[in-house]
Amino acid sequence: AQSVTQPDIHITVSEGASLELRCNYSYGATPYLFWYVQSPGQGLQLLLKYFSGDTLVQGIKGFEAEFKRSQSSFNLRKPSVHWSDAAEYFCAVAPRGGGYNKLIFGAGTRLAVHP
Amino acid sequence: DTAVSQTPKYLVTQMGNDKSIKCEQNLGHDTMYWYKQDSKKFLKIMFSYNNKELIINETVPNRFSPKSPDKAHLNLHINSLELGDSAVYFCASSGDFAIQYFGAGTRLSVL
């Protein structure tokens, strides 16, 4: 069955520290991969996506993610976290092909940032 | 100018009532979606419409009925509301690519 696993429910980092949020997926073929961020009381904003090509993708707000086919992973990273990065982060996958398809989300990782 | 807008933002109602949530997108996208986010923040798709046609219908009670009067609008009507319907409902839209753009959500509380 198709699934997305985010092993860390809650992560706390200090401001200025580096961050890595883990995401593993189970899918028949390599899907499209996404990271979304949800700030408190807000909708979801796309941080970055991987469709094909370079396996290291850059996103907004200084985030990047690396696709590793051998590990079925798409981990999100940021070299230096800011207090405003505190939010819920969701990894998601969608099947390739077609302009419409359902996103399958992981359970999310809540990031807290200490000053 | 909000790309995907939902109304209302908050909805508090009694069990057994019928309510609607509206969604509009001004991105020119052909496809729109409804997702439900439960109290544990888990997001799951409910429905999707492409050019006013229903294309995704997950296992959702038939008390939930989506309606798409045109490709820029997708409304969600819920009959006989139950306590378990309390959640945040998100509308989204997508164009030629698989990127979905989300609204700010509607927090539904059933008392």
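Below is a summary of the structure that appears in this document. (Residues numbered from 1 in each chain as written. Chains lettered and ligands numbered in written order. Predicted model: local features only at pLDDT ≥ 70, side-chain atom pairs only at ≥ 80, totals over all residues. Heavy atoms only, no water.)

Details of the state of the cysteines
What we call a disulfide is simply a covalent bond connecting the sulfur atoms of a pair of cysteines. Put simply, the test is: For this text, the term disulfide refers to a pair of cysteine sulfurs within 2.5 Å. Think of it this way: any DSSP run of H or I at least four residues long counts as a helix, any run of E at least two long counts as a strand, and we number them from the N terminus. Type-normalised accessible area, obtained with a 1.4 Å probe on protein chains alone, sets the label of each residue: buried when under 20%, exposed when over 50%, and partly exposed for intermediate values.
Summed over all chains, the structure comprises two disulfides over all chains. The disulfide that involves Cys 23 of chain A links it to Cys 91 of chain A, with 1.9 Å between the sulfurs. The sign of the -65° torsion about the S-S bond sets the Cys 23 of chain A-Cys 91 of chain A disulfide as left-handed. Taken as a pair, Cys 23 of chain A in the loop between β3 (19–21) and β4 (24–26) and Cys 91 of chain A in strand β10 (residues 87–94) lie far apart in primary sequence, 68 residues in all. Here Cys 23 of chain A falls in the buried class, since its relative accessible area comes to 0%. A relative accessible area of 0% places Cys 91 of chain A in the buried class. Here Cys 23 of chain B engages in a disulfide with Cys 91 of chain B; their sulfurs sit 1.8 Å apart. Disulfide Cys 23 of chain B to Cys 91 of chain B: torsion about the S-S bond roughly -75°, handedness left-handed. In this pair, Cys 23 of chain B sits in strand β3 (residues 19–25) while Cys 91 of chain B sits in strand β9 (residues 87–94), placing the two residues 68 residues apart along the sequence. Here Cys 23 of chain B falls in the buried class, since its relative accessible area comes to 1%. For Cys 91 of chain B, a relative accessible area of 0% gives the class buried.

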